[in-house]
Amino acid sequence: MSALILDGKAFAAVCYEKLKPRVAQLINKGYQPGLAVVLIGGNPASQIYVRHKIQSCENLGVRSFSVNLPENVTMQEVLNHIQELNASPNVHGILVQLPLPKHLDADLLIEAIQPEKDVDGFHPWNVGCLVLGKQALYPCTPYGVMRLLEHYDIPLRGQEAVVIGTSNIVGKPMARFLQQAGATVTLCNSKTRDVKAHTRRADIVVAAVGKPSFITGEDIREGAVIIDVGINRLESGKVVGDIEFETVSKKAGWVTPVPGGVGPMTVAMLVENTVLAAERISGLAGN
Ligand code: GUN
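The structure reproduced in this document is the subject of the present report. (Residues numbered from 1 in each chain as written. Predicted model: local features only at pLDDT ≥ 70, side-chain atom pairs only at ≥ 80, totals over all residues. Heavy atoms only, no water.)

Taking 1.5 Å per residue, 17 residues should reach 24 Å; helix α2 (residues 44-60) reaches 25 Å between its end C-alpha atoms and fits that length. Those residues of α2 that fall on the buried side of the exposure criterion are S46, V50, K53, I54, S56, C57 and L60. Buried positions in α2, seen along its axis, are confined to an arc of 160° and lie on one side of it. For α2, exposure combined with an orientation more than 90 degrees from the buried face picks out P44, R51 and N59. Capping of α2 at its N-terminal end is provided by N43; its side-chain oxygen lies 2.9 Å from the backbone amide nitrogen of A45. Backbone geometry just after α2 places G61 at a positive phi near 85°. (Helix = DSSP H or I, 4+ residues; strand = E, 2+ residues; numbered from the N terminus. Expected span 1.5 Å × (residues − 1). Buried < 20%, exposed > 50% of the residue type's maximum accessible area, 1.4 Å probe, protein only. Arc of directions from axis to C-beta. Polar contact = N/O pair within 3.5 Å; in protein donor to acceptor, adjacent residues only side chain to side chain.)

Overall, parallel pairing links the six strands, which are arranged β1-β11-β8-β7-β5-β6 in an open sheet. Of all strands in the sheet, those bounded by a partner on one side alone are β1 (4-5) and β6 (184-188). Inspection of the sheet shows strand β8 (residues 225-228) paired to strand β11 (residues 254-255) by two bridges, in the parallel sense. For I226, the partnering residue across the bridge sits in β11 and is V255. (Pairing = 2+ DSSP bridges.)

Let us look at the packing of aromatic side chains. The tally for this structure, following the rule as stated, stands at four aromatic pairs. Measuring from centroid to centroid gives 6.0 Å for Y143 and F177, while their planes differ by 25°, and the two rings are stacked. Here the residue Y143 occupies a position in helix α6 (residues 140-151), and F177 occupies one in helix α7 (residues 171-180), the gap between them amounting to 34 residues. F177 shares its class with Y143; the two are buried. Ring plane angle 55° and centroid distance 5.4 Å describe the contact between Y152 and W254, whose orientation is recorded as tilted. Of this pair, Y152 sits in the loop between α6 and β5 (160-164) while W254 sits in strand β11; the two residues are 102 residues apart in sequence, bridging distant segments of the chain. Classification of Y152 by relative accessible area gives partly exposed; the value is 22%. Against the face of F214 rests K196, its NZ or CZ located 4.8 Å from the ring centre. (Phe/Tyr/Trp six-rings, centres within 6.5 Å; stacked < 30°, edge-to-face > 60°. Lys NZ or Arg CZ within 6 Å of the ring centre and 35° of its normal.)

Here we come to the state of the cysteines. Each disulfide consists of a covalent bond between the sulfur atoms of two cysteine residues. Applying the stated rule across the entire model yields zero disulfides. Sulfur of C140: no disulfide; nearest cysteine sulfur belongs to C57 and is 10 Å away. The buried category is assigned to C140, whose relative accessible area is 4%. (Disulfide = S-S within 2.5 Å.)

In the vicinity of the ligand, the contacting residues are K53, L95, V96, Q97, L98, D120 and F122. In this structure, V96 approaches the ligand through a main-chain N or O atom, which is 2.9 Å from a nitrogen atom. L98 has a polar backbone atom sitting 2.9 Å from a nitrogen atom of the ligand. (Near = heavy atom within 4 Å.)

Residues Y16, L149, L178, V206 and I227 are the most contacted members of the largest nonpolar core, which totals 53 residues. A total of 10 residues in this core trace back to one element, the largest contributor, which is helix α10 (residues 262-282). Setting aside its immediate chain neighbours within four residues, L149 contacts I154, L156, L178, V225 and I227. In terms of nonpolar packing, the next biggest core, distinct from the first, is built from 18 residues, M75, L85, V96 and I113 among them. (Core = buried A, V, L, I, M, F, W, Y, C linked by side-chain atoms within 4.5 Å. Contact = heavy atoms within 4.5 Å.)

Position of L132 relative to the elements: it lies in helix α5 (residues 124-132). C-alpha of L132 to C-alpha of V229: the two residues are 97 residues apart in sequence and 24 Å apart in space.

Before going further, it helps to examine the pattern of salt bridges. Opposite charge on two side chains permits pairing when their charged atoms draw close. All told, the structure shown has seven salt bridges when counted by the stated rule. Between D219 and K196 there is a salt bridge whose closest N-O contact spans 3.4 Å. A residue pair is termed long-range when its members are at least 10 positions apart, and D219 in the loop between β7 (204-207) and β8 and K196 in helix α8 (residues 195-199) qualify at 23 residues. Here D219 falls in the buried class, since its relative accessible area comes to 7%. Owing to a relative accessible area of 22%, K196 belongs among the partly exposed residues under this scheme. Among the salt bridges present, the one from K250 reaches E246, with a minimum N-O distance of 3.9 Å. Here K250 and its partner E246 are both found in helix α9 (residues 245-251), four residues apart, which amounts to about one turn of the helix. (Salt bridge = Lys/Arg side-chain N within 4 Å of Asp/Glu carboxyl O.)

Right, here's the structure in full:
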């Protein structure tokens, strides 16, 4: 293996250490940060993600509020819960775990969250601020990737970056972040004629596809930076990303592992956003 590892697990631990005094200061002033997690239905992957999020909050002294609702809950019932959380002085962050059952409108629910408490960074207000390059609560996965790249001093200015996947959660904000950092960005979608032609010439590839082994060593340039956002559970139970680690790691310059790469950064940024939201709401924020 020649690639160096972008160790998200290790850097997430550094991020948590830096949050400790901020949480202590908030608690001292009587504002223990609080995150409300709305989980609807019984999606097993969502249940695991939510458990990680709540555990990471509790490890740091951030209070968590679980709102578990049945699969057949109505829009109005979910909206009522969100309104209650918006009004609660103990709740500084609210997230609605996605995906949702088909009868629920995710956009409407996200828009109902007070933007100052939208720690997922999905509300149109926060998305607009991101696009305009303003302060906001940023979406956790792409922001976590940016922080990881910064931590390892990976140059972005003038680099060719290819993002595969155009979701609101990852692909679109990821492309915007990279563009803002001075990269030239190609955003590939499921209709892109020849995705691999793009990845083969890229300095940086971000794969958010949801297909195991989508990117192999043959699909990348020698020395490229490869970011794997995929989380795919194989029939064997093993969790793998979108890249074929064995071949990619022989050729890339840098690579994120799965698990232990982007995933831990997503959760760390969620906790950081919750602390930041608490600081802003309580008037303790310097920014
Ligand atoms: N589902 C997959 N990723 C995410 C995320 O970052 N936030 C929420 N709320 N749901 C998700």
